[in-house]
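Below are the chains, spelled out letter by letter.
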Amino acid sequence: MITTKVLSVPSAKAPFEKTTIERRELRPNDILIDIKYSGICHSDIHSAFGEWGGGIFPMVPGHEIAGIVEAVGSEVTKYVVGDRVGVGCFVDSCGACEYCLSGEEQYCTKGVINTYNGLDYDGNPTYGGYSQQIVVTEGFVVRIPDSLELDVASPLLCAGITTYSPLKHWNIGPGKKVAIVGMGGLGHVAIQFAHAMGAEVTVLSRSNNKQEEALKFGADHYFATSDPDTFAELAGRFDLILNTVSANLNVDAYLSLLRINGTLVNVGAPAEPDHYHVFSLIMGRRSIAGSLVGGIRETQEMLDFAAEHGIAPMIEVIRAEQVEESYERVLKSDVRYRFVIDISTL
Ligand code: NAP
Ligand code: ZN
C-alpha cells in the first residue's frame, strides 16, 4: 500500500484533519499521480456537509486534480513519468455498457465510480484530491496541455467539463443566445466557453458586483436578477439557459426567459427539489434538463479547447489550513472565482 497525506473530514460538517490514508499498489494499468493542485468545487461542500445524503466518512473531497505522473503500472501505454495530468469527478466505470462505449462514462449503467465519496468495484471507499497522491487507472486520466498552468487547469477538471459538455450537447454556437445563471466557479468558465463557441452570452447574477469581470470573460450582456425589471426585459430571449446555481431558484421566472423550444439546463445541484408550473413549459414547448459533468474523451477535448482559446479559470491559491475559511467564503459567494489548494502545504 502507498501511504499518503490527506485532508479528511471525519463526519458531516466536522473540521478537516490532516491525516494519512492508504492508496492501492499499482495494478498493471494504474498511474500514480503526485498531486500539485486541487480545486474546491461547491460539490465538495455539499458532500462534506452531508447535504446530499449518504456521505461516506471519513471523506477526502476533491475532484479537480492536477499533478505529475510519478509512477506507472507495467501495462500503461498512455503516459510516462513526468507527464502533466488531470483527474476529474470519476475514476472508473464498467467499460462495457452503451454509455461507456460511447464515451459518456458518467452515465455508466453499472454506476460510475466517483473520485471520492464512492465505493470502488473492489468495495473500498474512494478518496479524492485533497491529497498528495492518487492512484487512477490510465483510462480515467487526462493530459493537461503545456500552455495551461497546473493550478489554473485544475478547476477545468470539474467546473470546465460540467459547463462545456451541455453547451456542446445543445449545439451552442454562432446565432445562439445563451444565459449563464450564477457567476461562481462553474459560471465564470461557462461564460468563457459559450463566448469562445460563438454564442451571444448573457450573465444573470444576483447583484451588479461581478459585471466588469463578466464582460472581461466574454459576456455580451449582464443583468442583476435582484432587479425586478430584468425578468420583464429578458422575457422570451434565450435559446439555452445554463443554471449553475447551488441553491433553488424560482424556476418559472427563468423558464419565462426562454424562447419557444428553449431549454433550461440545470448543472447546479441544490439538495432540495425544485418546483415549477407545467404551464411554463407547455406554453412555449420549453424543456427542463440536467447534465452531469462529461465523459473522459470530452474532458480531453475541453482541455485542448481551453488551451487553444486561452480559456482560464480565475483562481485564488490557498494553503491546506485555509480550506474551512474557503468553504465559508464560497458559501458567501466571496470567491473570485475558484479556490485551489496548493497540495505542497498539506
Ligand atoms: P459556486 O462557486 O458557489 O457558484 C454558485 C453561484 O450561484 C454563486 O457564485 C452565486 O452566483 C449563485 N448563488 C449562490 N447562492 C445563490 C442563491 N441562494 N440564489 C441565487 N444564486 C445563488 O459553486 P460552483 O462550484 O460553481 O457549483 C455550483 C453548483 O453546481 C453546485 O450546486 C455544485 O454542486 C454543482 N455542480 C454540479 C455538477 C454537475 O455535474 N451537474 C458538477 C459540478 C458542480 P452570483 O453571485 O453570480 O449570483
Ligand atoms: Zn465539482
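Calculation rules
Residues numbered from 1 in each chain as written. Chains lettered and ligands numbered in written order. Predicted model: local features only at pLDDT ≥ 70, side-chain atom pairs only at ≥ 80, totals over all residues. Heavy atoms only, no water. UniProt positions renumbered as here; feature names shortened; annotations may be inferred. Helix = DSSP H or I, 4+ residues; strand = E, 2+ residues; numbered from the N terminus. Contact = heavy atoms within 4.5 Å. Domains from an automatic or database assignment. Buried area = accessible area lost by both parts, 1.4 Å probe. Salt bridge = Lys/Arg side-chain N within 4 Å of Asp/Glu carboxyl O. Polar contact = N/O pair within 3.5 Å; in protein donor to acceptor, adjacent residues only side chain to side chain. Buried < 20%, exposed > 50% of the residue type's maximum accessible area, 1.4 Å probe, protein only. Arc of directions from axis to C-beta. Donors = N, O, S within 2.8 Å, 3.2 Å for Na, K, Ca; no water.

- Looking at an unreviewed UniProt entry, one finds the protein named Putative zinc-type alcohol dehydrogenase-like protein, with Paenibacillus endophyticus as its source organism.
- A UniProt comment under Cofactor (unreviewed entry) is attached to the protein, and it reads "Zn(2+)".
- The protein has a UniProt comment under Sequence similarities (unreviewed entry) that states "Belongs to the zinc-containing alcohol dehydrogenase family."

### Some remarks on the side chain of Asn 243
- Looking at the element boundaries, Asn 243 is found in strand β13 (residues 238–243).
- When neighbours within four sequence positions are excluded, Asn 243 is seen to be in contact with Val 181, Leu 249, Leu 264, Val 265, Asn 266, Val 267 and Gly 268.

### A few points about the domain arrangement of the protein
- As far as domains go, the protein holds domain 1 (2–158 + 294–345) and domain 2 (160–290).
- Of note, the centres of domain 1 and domain 2, computed from C-alpha atoms alone, are 27 Å apart.
- If you look at the interface, domain 1 gives 24 residues, while domain 2 gives 24 residues.
- Around 2100 Å² of area is buried between domain 1 and domain 2 when both sides are counted, 59% of it from carbon and sulfur atoms.
- The three residues of domain 1 that bury the most area against domain 2 are Phe 305, Ile 311 and Tyr 337, which together make up 27% of that side's buried surface.
- Put simply, domain 1 and domain 2 have 2 salt bridges between them.
- The partner of Glu 301 in a salt bridge is Lys 168, with the nearest N and O atoms 3.8 Å apart.
- Taken together, the links from domain 1 to domain 2 amount to 15 residue pairs in polar contact (both at pLDDT 80 or more).
- Going through the elements one at a time, α1 (42–48) and α10 (296–309) are the ones with two or more residues in the side of domain 1 that touches domain 2.
- The element best represented in the side of domain 1 that touches domain 2 is α10, accounting for 7 residues.

### Remarks on helix α11 (residues 323–331)
- Residues Val 323, Ser 326, Tyr 327 and Val 330 constitute the buried set of α11. Buried residues of α11, viewed axially, fall in a sector of 105°; they line one side.
- On its buried face, α11 is in contact with β1 (2–8), α1, β16 (315–318) and β17 (338–342).

### Structural notes on the coordination of the zinc ion (ligand 2)
- Distances from the zinc ion (ligand 2) to its protein donors, Cys 41 (SG), His 63 (NE2) and Cys 158 (SG), fall within 2.0 to 2.2 Å.
- Mapped onto the polypeptide sequence, the residues donating to the zinc ion (ligand 2) form the spacing pattern C-x21-H-x94-C. You can see Cys 41 sitting in the loop between β3 (30–39) and α1 and its partner Cys 158 sitting in the loop between α3 (150–153) and α4 (159–169), a full 117 residues away along the chain.
- Among the residues examined, Cys 41 registers a relative accessible area of 4% and is labelled buried.

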